[in-house]
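Coordinates in review
Each chain, letter by letter, is given below.
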Amino acid sequence: MFPKSKIIALTAASASLAMAGASVAGTVNNGNPYVAGDMHNHNTCTDGSVSVGYALDRVLATGTAAAGGQNFNIDWFTLGNHGGSGAKDCRFSDTGAGIPGDTTKNWNDTLGQEIQGITITSLKGTPNGTGSGRQMWRWQNIQEIEWPLIVRRSQQYNKVVIEGLEWVVPGHEHTDVAVITGQTPLNAAAPGVADNMAQFEYLFDRQDNDLIGQVDASNNPLWPGKISNAGLVGNAAHQKSVTATAWLQSRFPLTSYVVPTHTERAGPFSTAGSAGYNIEHFRDLNNAGPTVAFGIESPGHMAQGTDAGGSGSYGSGAVGGGTYGFQGVYTAKVGGLWDGMLGEGRNYFVYVSSDWHTRGAFGARDAATTSDFWPGEYTKLFVPNTSNFVSQNVVDGMRSGNSYSVNADIIGPDMVFRAHGADGVWKTMGETIVANPGETITLEMAMTVPASNHSPYSFNNPLLKPINKQQPLNKPSVDHVDLITGDITGVIAPGAPGYAVPNAAGVAGANIVYNASAKIAKQIPASSMTRIDNADGSARLTFTTSFTAGSTPFYIRSRGTNIPPATPNVTDNDGNPLLDLNNAKIPCLDAACPSHLVKVNGTPVVTYDVQAWSNTWFYANPIFVRPASYPQLLVETNAALAKTLAARASRR
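Structural notes, computed from the coordinates.

Basis of the calculations
- Residues numbered from 1 in each chain as written.
- Predicted model: local features only at pLDDT ≥ 70, side-chain atom pairs only at ≥ 80, totals over all residues.
- Heavy atoms only, no water.
- Core = buried A, V, L, I, M, F, W, Y, C linked by side-chain atoms within 4.5 Å.
- Buried < 20%, exposed > 50% of the residue type's maximum accessible area, 1.4 Å probe, protein only.
- Helix = DSSP H or I, 4+ residues; strand = E, 2+ residues; numbered from the N terminus.
- Phe/Tyr/Trp six-rings, centres within 6.5 Å; stacked < 30°, edge-to-face > 60°.
- Pairing = 2+ DSSP bridges.
- Polar contact = N/O pair within 3.5 Å; in protein donor to acceptor, adjacent residues only side chain to side chain.
- Contact = heavy atoms within 4.5 Å.
- Salt bridge = Lys/Arg side-chain N within 4 Å of Asp/Glu carboxyl O.

**A short note on the nonpolar core**
Soluble, globular proteins show a tendency: their nonpolar side chains are buried together. The biggest cluster of nonpolar side chains holds 104 residues, and the ones touching the most others in it are Phe200 and Met398. Considering every element that reaches this core, the biggest residue donor is helix H4 (residues 138-157), with seven residues.

**What about the packing of aromatic side chains?**
This structure, assessed with the given rule, holds 19 aromatic pairs. The interplanar angle of 45 degrees and the centroid separation of 5.6 Å between the aromatic rings of Tyr202 and Trp223 together place this pair among those described as tilted. Here Tyr202, found in helix H5 (residues 195-204), pairs with Trp223, found in the loop between H5 and helix H6 (234-251); they are 21 residues apart in sequence, far enough to count as distant. When the centroid spacing of 5.3 Å and the interplanar angle of 75 degrees are considered together, the rings of Phe373 and Trp613 count as edge-to-face. With Phe373 in the loop between strand E11 (349-351) and strand E12 (379-384) and Trp613 in helix H11 (residues 608-614), this pair connects stretches of sequence that are 240 residues apart. Each member of the pair, Phe373 together with Trp613, is buried. Here the aromatic cluster, defined as three or more aromatic residues joined through ring pairs, consists of Trp167, Phe200, Phe204, Trp247 and Phe252.

**Description of the sheet that holds strand E15 (residues 427-428)**
Strand order in the open sheet formed by five strands is E15-E14-E17-E21-E20, and the pairing between neighbours is antiparallel. In the strand order of this sheet, the two ends are held by E15 and strand E20 (530-533), each with one partner. Bridge count for strand E14 (residues 416-420) against strand E17 (residues 440-449) is five bridges, and the pairing is antiparallel. Across the sheet, the residue bridging to Arg418 is Glu444, located in E17.

**Some details on the side chain of Asn128**
Its location among the elements puts Asn128 in the loop between strand E5 (118-119) and strand E6 (136-137). Polar contacts involving the side chain of Asn128 include one to the side chain of Ser85, which spans 3.1 Å. Setting aside residues up to four positions removed in sequence, Asn128 forms contacts with Ser85, Gly133, Arg134, Gln135 and Trp137.

**What to know about the pattern of salt bridges**
Side-chain pairing between opposite charges can occur once the charged atoms of the two side chains come close. Using the criterion set out here, one finds 20 salt bridges in the structure. For the salt bridge of Arg138 with Glu146, the shortest nitrogen-to-oxygen distance reads 3.1 Å. Overall, Glu146 belongs to the buried group, its relative accessible area being 0%. Among the salt bridges present, the one from Asp396 reaches Arg399, with a minimum N-O distance of 3.1 Å. Note that Asp396 and Arg399 are positioned in helix H10 (residues 391-400) at a spacing of three residues, about one turn of the helix.

Next comes the structure, spelled out in structure tokens:
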């Protein structure tokens, strides 16, 4: 019923390749319908702990690194450093990363030297810093450091690697951006350039105060139109972020994306500074970039939780006061901000990433961490596989909504989440079923629970000890799947009541309901699913259920977890995740519990990486259902716009 070899085609994918230029396809011959990647991570070009090359090798290679440490063999990868500038030569790892033979070096130490085939003769743009503190503007290391190394590693491993950016957004927290036009690293004859990505960073990043940018042979600036960041805060700064999104929409409507990340971390939006996002800001971005700004991303930093909270790098000032099942409250809360966006019928989807920087108290080669996981180690963003997989397929897969996000390998790369009405035509994530009121909507779901994950711990999950359930941390398990529905009442116009929703800092922000109709419509226990045990130790779980179409459009989204409902300090009676700070109330009493865990009154409690491996979830993007007499939803019209743009591009 659910063949693992099924390949789900991407809307207008082949036509939109013309927008990016010709490329040579990577090889993802794993027979799975989805491929795993990571879109948000760091190296020493900004504030990461490892060099560009070392990061690429650990993430793309198989087996064990020569200097030690497991490689993670991810299928596709986007480098996503912060904008602004940095003093470190990112061909070198930090001394503290513990990589033999690698020590911290600054640009001032290496100018004019050929290192890894790259010679930097000068720091370009407006002079920034002096002596050992001299800094390179981010746009230059995009072009001259990261891009050449991407080309080299992309061809070495025959994998799709994208040059991206963690945009330091005017008026807000950070956002993941990529502009793939011009990037063809797999093409040995014409690997392309990352100039478009560099130009966006120069023009629009809040931390980039360079006033020169790239110049021609006569020293004339090539990137006019920069809006100064001086004194730009609050609503005026937000308008620069909207302008930036519109700039991408007008120039790269099918080859770029704008995905705000760790959106709750900085608290609510501030009119006096640059902080978080309220719902109106996501609406503004989606309006300005209907085929570019199509979702939000959950926090990384999954192993930072202590007995005072902090998982996801979310402190008490974050909206919601912390993470919930390692998601922000905007995603985790039923009826929360994501459900509010879906309640308008918007093409707004969720994604996950590592936000890799460092392993905290440990070195980059260690298996334990008190800060971050490597890309592919804990978080995976799955997009559809194709027979000729290129960077455009990553962007198309994200834009289409046909993607899902997984922590701790709780499920694998062959999930099926699809539904149909009376016509029998299957629709998957991001697509819309048109059905008459009273019509039966049949939904099928299937997932493979892998035999193991990357956890270094084999002792039983301490969060489940209070309910006498034994489950080793290195053996993924699904307890149940939630099918969450909500009514779609139409797009709210800017300035109309309900468009702007005041937010609040801390835990109070967890109480805001944006879509009161959203609910866990069905909870499917794994024990009631059809189970097939595979020879490799994995298990295939499947189920079929149904809904009834009404006179109002609605959506169906899915999430799953290893935690049963009403697990003390972890989930409520309905199975919703509680604030992860509560997990640290549970002791870790197994003799194998690692010594680095936080101790309360001398007893280790569930913190850091043990907390992350204990509390695991996946999130699948929604399927929409619309009555035949109802106007098309925004998710449909924006998908149609993408198709039209792709058709135009193919005729050029």
